[in-house]
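Chain by chain, the residues:
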Amino acid sequence: MGIEIRGINKNFGDFVALEDITLSVPTGQLTALLGPSGGGKSTLLRIIAGLESSDSGTIEIEGVDTTNVPAQKRNVGFVFQHYAAFKHMTVEKNIAFGLEIRKRPKDEIKERVQELLKLVHLEQWSHRLPSQLSGGQRQRMALARALAIQPTVLLLDEPFGALDAKVRKELRDWLRRLHDEMHVTTVFVTHDQEEALEVSDSLVIINEGRIEQIGTPDDLYDRPASDFVLSFLGPVTMLGDRMIRPHDIEISPYEQAAIVSGKITRWTRVGFEIRLEVTPDDVLHPNPVHVVLTRTEATALGIHEGDQVWLRPQVGADQVTS
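Residues numbered from 1 in each chain as written. Predicted model: local features only at pLDDT ≥ 70, side-chain atom pairs only at ≥ 80, totals over all residues. Heavy atoms only, no water.

**Q** Quick question: what am I supposed to make of the overall build of the chain here?
**A** The secondary structure content of the chain amounts to nine helices and 17 strands. Residue burial in the chain is summarised as follows: out of 322 residues, 46% are buried. A separation of at least 24 residues holds for 64% of the contacts in the chain among residues at least 6 apart in sequence. Element-wise, carbon and sulfur atoms account for 50% of the exposed surface of the chain, whose accessible area totals about 15,900 Å². When the 35 positive and 46 negative side-chain charges of the chain are each reduced to one mean point, those points stand 10 Å apart. (Helix = DSSP H or I, 4+ residues; strand = E, 2+ residues; numbered from the N terminus. Buried < 20%, exposed > 50% of the residue type's maximum accessible area, 1.4 Å probe, protein only. Contact = heavy atoms within 4.5 Å. Areas by Shrake-Rupley, 256 points an atom, 1.4 Å probe, with all protein chains shown as cover. Lys, Arg positive; Asp, Glu negative; His and termini not counted. Charge placed at Lys NZ, Arg CZ, Asp CG, Glu CD.)

**Q** What is the right way to read the environment of Asn68 from this model?
**A** Locating Asn68 in the fold gives a position in the loop between β5 (64-65) and β6 (76-79). Residue classification places Asn68 among the exposed positions, given a relative accessible area of 75%. Here the alpha-carbon distance between Asn68 and Ser56, two residues 12 residues apart in the chain, equals 11 Å.

**Q** Sorry if this is basic, but what is going on with the sheet that holds strand β7 (residues 153-157) here?
**A** Strand pairing in a sheet is mediated by backbone hydrogen bonds. Such pairs are either parallel or antiparallel. Pairing is mixed across the open sheet formed by six strands, whose spatial order is β6-β7-β8-β3-β9-β10. Looking along the sheet, the strands with just one partner apiece sit at the ends: β6 and β10 (210-215). Averaged over all pairs of adjacent strands, the angle between their axes in this sheet comes to 15 degrees, without regard to strand direction. Inspection of the sheet shows β7 paired to strand β8 (residues 185-190) by five bridges, in the parallel sense. Directly across from Leu154, in β8, lies its bridge partner Thr186. (Pairing = 2+ DSSP bridges. Axes fitted to C-alpha atoms, helices over the stretch in contact; angles between N-to-C directions.)

**Q** Any chance you could explain the pairing of strand β15 (residues 273-280) here in plain terms?
**A** The side chains of a regular strand alternate, first on one face of the sheet and then on the other. Here eight bridges tie strand β14 (residues 260-270) to β15, and the two strands are oriented antiparallel to one another. Bridged to Arg266 within β15 is Glu277. Counted along the chain from β14 to the antiparallel partner β15, the turn is two residues long, and its residue Gly271 has a positive phi close to 65 degrees.

**Q** Can you help me understand helix α1 (residues 41-49) in this one?
**A** One turn of the α-helix equals 3.6 residues, which is why residues spaced by three or four share an orientation. α1 sits mainly inside the fold: seven of its nine residues count as buried. Within α1 the residues assigned to the buried category are Lys41, Thr43, Leu44, Leu45, Ile47, Ile48 and Ala49. At the exit of α1 stands Gly50, carrying a positive phi of roughly 90 degrees.

**Q** Looking at this model, I keep getting lost on the confidence of the model for the chain. Mind explaining?
**A** The predicted coordinates should not be examined in detail at positions where pLDDT is low. Residue-level pLDDT values for the chain average 90, and 97% of them are 70 or greater. Low pLDDT (under 50) marks residues 318-322, which in the prediction has 15 contacts with non-local residues, meaning those over four places away or in another chain. (pLDDT = per-residue confidence, 0-100.)

**Q** Can you help me understand the side chain of Ser200 in this one?
**A** Structurally, the position occupied by Ser200 is in the loop between α6 (193-199) and β9 (202-207). What makes Ser200 buried here is its relative accessible area of 8%. Looking at Ser200, its side chain comes within polar contact range of the main-chain oxygen of Ala196, at 2.6 Å. In this structure Ser200 touches Leu30, Ala32, Arg176 and Pro217, once residues within four positions along its chain are discounted. (Polar contact = N/O pair within 3.5 Å; in protein donor to acceptor, adjacent residues only side chain to side chain.)

**Q** Mind showing me how you'd approach the layout of surface pockets here?
**A** Empty pockets left among the atoms are what a rolling probe the size of a water molecule brings to light. Of the volumes computed, that of the largest pocket is approximately 610 Å³. Lining the largest pocket are 21 residues, with Val76, Gly77, Phe78, Arg102 and Ile149 positioned closest to its centre. Residue assignment for the lining of the largest pocket shows that the elements contributing at least two residues are β6, α2 (91-101) and α4 (135-148). When residues in the lining of the largest pocket are grouped by element, the largest group, four residues, is from β6. (1 Å grid on protein atoms, 1.4 Å probe; cavity = no way out; pocket = protein on both sides within 12 Å on 5 of 7 lines; lining within 4 Å. Points joined across faces, edges and corners; volume = space filled by probe spheres on them.)

So, in structure tokens, the structure goes:
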């Protein structure tokens with residue numbers, strides 16, 4: 001059953017935050033809400049959690065209508081970007097808090113907390129205060145606290161947004177492994193495309209309060225329903241009058257049937273990638289075309305900055321053009 005969202009609308013004065021949102025999140029699936037800042041992702045998450053009310057529409061969690069149920073009675077685990085830790089409590093006490101206010105037996109609380117400390121790899125830091133932890137450790141503590149009550153659903157609002165790139169990468173790998181182990185129905189808000197593509201089972205693209213497309217990461221990347229989805233899920237460039245991904249362009253130093261010919265006017269190496277700008281000969285399409293190659297591909301082609309080249313879509317690239 002999971003989460004069933006039907007006809008949700010939300011306005012803040014004259015601003016339309018959400019418009020006719022209808023969405024199914026299957027039980028046990030990790031679903032990412034992805035879109036630009038201000039697009040409505042966090043508002044939808046807060047409505048699912050009961051922290052915000054909708055103007056119309058319904059929310060069901062595991063077959064139960066929770067539209068008018070208070071947040072504390074929805075059995076939802078919520079993790080914020082900035083941890084929201086109890087600063088005066090130890091890691092152990094933070095994790096136990098939700099169980100204690102539910103008046104669970106002490107032995108049950110102790111057993112559950114120890115189980116979660118082990119799960120999030122914080123056993124040796126259990127008696128430390130949140131201020132004595134790294135950002136990644138504090139976020140793992142926040143996840144353990146949310147999971148302690150054995151929530152029906154777990155909601156994550158840009159949980160890694162305040163962390164540096166290396167820690168963020170480590171934590172999203174860990175979150176995916178944790179989800180595969182626990183199979184709790186999870187909704188994850190992010191504006192980081194790579195994060196969403198890497199972690200989620202299903203992607204929901206939200207823009208200006210409306211759903212643009214729903215599907216697996218592969219579906220949306222390979223078969224975008226609109227120019228917005230195509231451009232939001234990775235870099236794009238114009239090849240003639242068509243949008244296409246830079247790595248889906250075939251480049252040749254020899255004259256051939258091509259959509260664009262021109263000179264390489266910029267050559268940038270970023271790790272194993274070579275990023276090129278090709279300025280078209282056609283004055284009607286003067287904007288540079290961006291092309292991405294591996295260093296091995298560029299070396300094999302024998303091309304250099306200033307060379308004349310010919311460009312056309314690679315075989316199969318039509319499926320990702322709009």
